[in-house]
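# Chain and residue survey
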Amino acid sequence: MKSRQRLILLVNLGTPDAPTAGAVRRYLAEFLHDYRVVDLSRWLWCILLHFIILPIRSGRVAGNYAKIWLPKGSPLLVYSQGLADKLQHQMPNTEVRLAMRYGNPSVSAVLNAYPDLQELTVLPLYPQYSATTTASVFDAVTRYYLKQERVPNLRFIREYHRHPAWLDAMEARIRNHWDLHGRGERLLFSFHGIPQRFAERGDPYPQQCRESAEAIARRLELSPEQWLMTYQSRFGREPWLQPYTDKTLEQLGRDGFKTLDLVCPGFAVDCLETLEEISVENAHLFQQAGGAELRYIGALNDEPGHVAALARVLESHG
């Protein structure tokens, strides 16, 4: 029987409640108000955000969400909830719940349902640590307990980018794709980017991305010439981590490459950045530059191998 005094909380980034401009605007406003994500002066940033960025971006982003929306809702929420449900089945003696850092279900709403909690394990669904993601989850959890009389024993899993079980799952995912579709001329590892200055002041994210890519490439027995690592999803005009995914794909297309495989090891489940940005926008850029096919290798989502991997990650921190 599950104990309501012990909770495993999976936390993903979040998603709008609907593929509409209003829902996207509410979601982006919460997301982009986080100082971990955008560290500009609040008085300047709030003016830019509410009077320029949100009015311009909300409708366009809503249109992109509409392209990938599933019958049951946002892919990120659907797959994350499926992952939590299957992990609950794998670990029946402990409550397993899902929360979103931004949007619904919120961290505070989920924790409100457990007032007598004795033990809390928080697993952010980001294999690689970054202050912009993992640390923001920590902020949300600790901010909630600042207002509570009872604080549980807290276990916070900071990263799992080199955990053997996760690497096993990533290797299997790529090999299964190759078994079905054959190998492309190169394998690209595309990670979500962060501003370069965040890394310069100590965020270990780029090192962990590199360690993940190198570990997976070794398992796949790839030579250095057979794979590349890039960063996607930059925002604004300042330099972000490089090389950029879109620019790299354009160059590879001009260089005569026709078929490329691309995997996103920083995303636990598929979402707007993989299903639309990579599979649609970046695939189109590659083709325009002369390439023939960019084959996206889907995220681990709620597949059995991913469930088993996260169970082992949790057990190793028990």
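The structure this text deals with has already been given above.
From a predicted model like this one, the values you see are computed outputs, not experimental measurements.

Reading the values: the criteria
Residues numbered from 1 in each chain as written. Predicted model: local features only at pLDDT ≥ 70, side-chain atom pairs only at ≥ 80, totals over all residues. Heavy atoms only, no water. Pairing = 2+ DSSP bridges. Helix = DSSP H or I, 4+ residues; strand = E, 2+ residues; numbered from the N terminus. Axes fitted to C-alpha atoms, helices over the stretch in contact; angles between N-to-C directions. Core = buried A, V, L, I, M, F, W, Y, C linked by side-chain atoms within 4.5 Å. Buried < 20%, exposed > 50% of the residue type's maximum accessible area, 1.4 Å probe, protein only. Contact = heavy atoms within 4.5 Å. Disulfide = S-S within 2.5 Å. Expected span 1.5 Å × (residues − 1). Bend = angle between axes of the 7 residues up to and from the residue. Salt bridge = Lys/Arg side-chain N within 4 Å of Asp/Glu carboxyl O.

Moving on, we come to the sheet that holds strand β8 (residues 293-297). Here we have four strands laid out as an open sheet, ordered β6-β5-β7-β8, and parallel in their pairing. The sheet is open, and its two borders are formed by β6 (227-232) and β8, each paired with just one other strand. With direction set aside, neighbouring strand axes in the sheet form an average angle of 30 degrees. Relative to strand β7 (residues 259-263), strand β5 (residues 186-192) is paired through four bridges, and the arrangement is parallel. Directly across from Arg 186, in β7, lies its bridge partner Leu 260.

Take the nonpolar core next. Ranked by size, the top nonpolar core spans 65 residues in total, and within it Leu 10, Leu 87, Leu 187 and Phe 189 carry the most contacts. Non-local contacts of Phe 189, meaning those with residues more than four positions away in its chain, are made with Ala 213, Ile 216, Ala 217, Trp 227, Leu 228, Met 229, Thr 230, Val 263 and Pro 265. Among the nonpolar cores identified, the runner-up in size contains 36 residues, and Leu 9, Ala 62, Leu 117 and Tyr 145 belong to it.

Here the focus is the state of the cysteines. One pass over the structure, following the stated rule, counts zero disulfides. Free of any disulfide, Cys 209 has its nearest neighbouring cysteine sulfur in Cys 264, separated by 11 Å.

Here we take up helix α2 (residues 42-68). Taking 1.5 Å of rise per residue, the 27 residues of α2 would be expected to cover 39 Å, yet its terminal C-alpha atoms sit only 33 Å apart, more than 12% below that figure. At Ile 53, α2 shows its maximal bend, which comes to roughly 50 degrees, and the proline Pro 55 appears one to four places after that position. Residues of α2 that are buried include every one of Trp 45, Leu 49, Ile 53, Leu 54, Ser 58, Val 61, Ala 62, Asn 64, Tyr 65 and Ile 68, and no others.

Overall, the coordinates contain 18 salt bridges when judged by the stated rule. Across the pair Arg 158 and Glu 159 runs a salt bridge whose closest N-O atoms are separated by 2.9 Å. For Arg 158, a relative accessible area of 40% translates into the label partly exposed. Assessed through its relative accessible area of 23%, Glu 159 is described here as partly exposed. A salt bridge links Asp 261 to Arg 295; the shortest N-O distance between them is 2.9 Å. Of this pair, Asp 261 sits in strand β7 while Arg 295 is found in strand β8, placing the two residues 34 residues apart along the sequence. For the pair Asp 261 and Arg 295, one class covers both residues: buried. Overlapping salt bridges bring together Asp 168, Glu 171, Arg 175, Arg 219 and Arg 312 as one network.

Everything listed here is a matter of geometry and, on its own, says nothing about what the molecule does.
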